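These are the residues of each chain, in order.
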Amino acid sequence: PLQVEVVAELSGHTDTVEHVKFSFDGKLLATGGLDGTVRVWKVEDTSLLHVLEGPTEVTWIDWHPKGDVLIAGSADGTVWMWNALLGQCMQVFSGGCPTSTCGLFSPDGKLLVTGGVGNITVWNPKDGTASITYTGNLPEVDALSIAIHPVMSAALVGFADGRVVVVHLGYHQILATHSTGEHAIEWVG
């Protein structure tokens, strides 16, 4: 039988921990919970660095790909961005969607893409403005997952009904959709 050794137990959340993620350099770990907090831990000694508050219920978290900036989506539709080392809120994004069910920084960190019920929003993380909001022809169910191509300006968003939507990040354009049971992607335009 395989022997498993517990290295550390991270405690403090008072409700379900929905997401965990390491920082870009692996030195920090973030945990996000339905208790409305994001906890930032030092990996080296598993000590708690900060408890970040603000969201109602944390539905997802992501780290900036090149720095100690952390974002978290909330059940109330807001997206919070902190300097994780200092524990300071840098920006609160709002107005994209009534719920924020998934989100991801672009590989270069210059864009933030979030999804919600029937909604995909592309944000400028520097000023917190939404540059593009996709709403038409999207499933009226939760967006669950986002992948951003590292070179092409495109994002794939998976929805709870099995549909995958491909959007262009520079233009207000849905490029393609794919539904459960289909054998091919339907390219739009």
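Reading guide: rules and limits
Residues numbered from 1 in each chain as written. Predicted model: local features only at pLDDT ≥ 70, side-chain atom pairs only at ≥ 80, totals over all residues. Heavy atoms only, no water. Pairing = 2+ DSSP bridges. Helix = DSSP H or I, 4+ residues; strand = E, 2+ residues; numbered from the N terminus. Axes fitted to C-alpha atoms, helices over the stretch in contact; angles between N-to-C directions. Salt bridge = Lys/Arg side-chain N within 4 Å of Asp/Glu carboxyl O. Buried < 20%, exposed > 50% of the residue type's maximum accessible area, 1.4 Å probe, protein only. Phe/Tyr/Trp six-rings, centres within 6.5 Å; stacked < 30°, edge-to-face > 60°. Core = buried A, V, L, I, M, F, W, Y, C linked by side-chain atoms within 4.5 Å. Contact = heavy atoms within 4.5 Å.

1. Some remarks on the sheet that holds strand β8 (residues 88-93)
Piece 1. If you trace the four strands from one edge of the open sheet to the other, you get β5-β6-β7-β8, paired in antiparallel fashion. Each end of this open sheet is capped by a strand with a single partner; those strands are β5 (58-63) and β8. Sheet twist, expressed as the mean angle between neighbouring strand axes with direction ignored, is 20°.
Piece 2. Pairing geometry for strand β7 (residues 79-83) and β8, over five bridges, is antiparallel. Residue Trp82 lies in a different strand from β8, and its bridge partner there is Cys89.

2. Some words on the pattern of salt bridges
Piece 1. Using the criterion set out here, one finds two salt bridges in the structure.
Piece 2. The salt bridge partner of Asp62 is Lys21, with a shortest N-O separation of 2.8 Å. Of this pair, Asp62 sits in strand β5 while Lys21 sits in strand β1 (residues 17-22), placing them 41 residues apart in sequence.
Piece 3. Owing to a relative accessible area of 5%, Asp62 belongs among the buried residues under this scheme.
Piece 4. For Lys21, a relative accessible area of 31% translates into the label partly exposed.
Piece 5. Notably, a salt bridge pairs Asp161 with Arg163, separated by 2.9 Å at the nearest N-O pair.

3. Considerations on the pairing of strand β15 (residues 164-168)
Piece 1. Taken across its five residues, β15 has four buried, putting it largely inside the fold.
Piece 2. The pairing of strand β14 (residues 154-159) with β15 spans five bridges and is classified as antiparallel. Bridge assignment links Ala154 to a residue of β15, and that residue is His168.
Piece 3. As paired strands, β15 and strand β16 (residues 173-178) are joined by five bridges and run antiparallel to one another. Each residue of the ladder has a partner; that of Val167, found in β16, is Ile174.
Piece 4. Remark: four residues form the turn of the hairpin made by β15 and β16, two consecutive strands paired antiparallel.

4. Thoughts on the pairing of β1
Regular strands place side chains that alternate from one sheet face to the opposite one.
Piece 1. When β1 meets strand β2 (residues 28-33), the two strands line up antiparallel, connected through five bridges. From the neighbouring strand, Phe22 faces β2, where its bridge partner is Leu29.
Piece 2. The turn linking β1 back onto β2 is made up of five residues, and Gly26 within it adopts a positive phi angle of 75°.

5. Here's the deal with the packing of aromatic side chains
Piece 1. Summed over all chains, the structure comprises two aromatic pairs.
Piece 2. Centroid distance Trp80 to Trp82: 6.2 Å. Interplanar angle 20°. Geometry classified as stacked. In terms of burial, Trp80 and Trp82 fall into one category: buried.
Piece 3. Plain terms: the ring middles of Phe93 and Trp123 are 5.3 Å apart, the flat faces sit at 70° to each other, and that makes the pair edge-to-face. Linking Phe93 in strand β8 with Trp123 in strand β11 (residues 119-124), this pair joins segments that are 30 residues apart in sequence.
Piece 4. Residue Trp123 is classed as buried on the basis of its relative accessible area of 2%.

6. Structural notes on the nonpolar core
Piece 1. By size, the foremost hydrophobic cluster in this structure holds 18 residues, and its most contacted members are Ile120, Tyr134 and Val167.
Piece 2. Elements with a contribution of two residues or more to this core: β9 (102-105), β11, β12 (129-134), β13 (143-148), β14 and β15.
Piece 3. Excluding its chain neighbours within four sequence positions, the residues that come into contact with Val167 are Ile120, Tyr134, Ser153, Ala154, Ala155, Gln173, Ile174 and Leu175.
Piece 4. Of all hydrophobic cores here, the second largest spans 13 residues; its members include Val40, Leu52, Trp63 and Leu70.

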